[in-house]
Amino acid sequence: MSAENVKTVESLYAAFATGDIPTVLGALDPQVEWWEAENFIYAEGNPYVGPESVLQGVFMRLAMEWSNFAVTPKEVLDAGDTAIGQGHYSGTHKQTGKQVRAQFAHFFTFRDGKIVKFQQYTDTAQFKQAVAA
């Protein structure tokens, strides 16, 4: 099952890259707990519970506040019931014009083929600097 989890995460990164958010949301358990990194610019909603909460609290904000925001995975690692993605975020904050290129690690925990928990780790200081006027 863990190799299948890795393939699922790889396909979700590909879907996100093409703007196919319904596919990403469809992989989430109805009660998924989505955790943004502590001190991240969207962490005030932690944990986001359920796909709609993730859509409104994270994905819509990324789309509205950033130009050319990209999640570029380097690799996805098999850790049993968890798949770990690592790579870089990039984009330009629309209001400030400041760019980011920040490393990330994502921990996706699966149960019965659905993601039940997501935990993000990233360079939160870089994002805070990018959104500061």
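Further up the page is the structure itself.
This is a predicted model, so every value here is computed, not measured. (Residues numbered from 1 in each chain as written. Predicted model: local features only at pLDDT ≥ 70, side-chain atom pairs only at ≥ 80, totals over all residues. Heavy atoms only, no water.)

**Q** Can you help me understand the nonpolar core in this one?
**A** Side chains of nonpolar character tend, in soluble globular proteins, to be buried together. Residues Phe 59, Trp 66 and Phe 127 are the most contacted members of the largest nonpolar core, which totals 39 residues. Here this core gets 6 residues from one element, more than from any other, and that element is helix 1 (residues 2-17). Not counting the four nearest positions on each side in its chain, Phe 127 is found in contact with Phe 40, Ile 41, Trp 66, Phe 69, Tyr 89, Val 100, Ala 102 and Thr 122. (Core = buried A, V, L, I, M, F, W, Y, C linked by side-chain atoms within 4.5 Å. Buried < 20%, exposed > 50% of the residue type's maximum accessible area, 1.4 Å probe, protein only. Helix = DSSP H or I, 4+ residues; strand = E, 2+ residues; numbered from the N terminus. Contact = heavy atoms within 4.5 Å.)

**Q** Quick question: what am I supposed to make of unusual backbone geometry here?
**A** A negative phi holds for most residues other than glycine; trans holds for most peptide bonds. At the junction of Asn 46 and Pro 47, the peptide bond is cis and its omega measures out at -20 degrees in the coordinates. As for its position among the elements, Pro 47 is in the loop between strand 1 (28-35) and strand 2 (48-49). In this model, Asn 68 sits at a positive phi of 55 degrees, which is unusual for a non-glycine residue. Residue placement: Asn 68 occurs in strand 3 (residues 66-79). Positive phi values are uncommon outside glycine, yet Asp 112 reaches one of about 55 degrees. Mapping Asp 112 onto the fold places it in the loop between strand 5 (99-111) and strand 6 (114-122). By relative accessible area, which is 75% here, Asp 112 ends up exposed.

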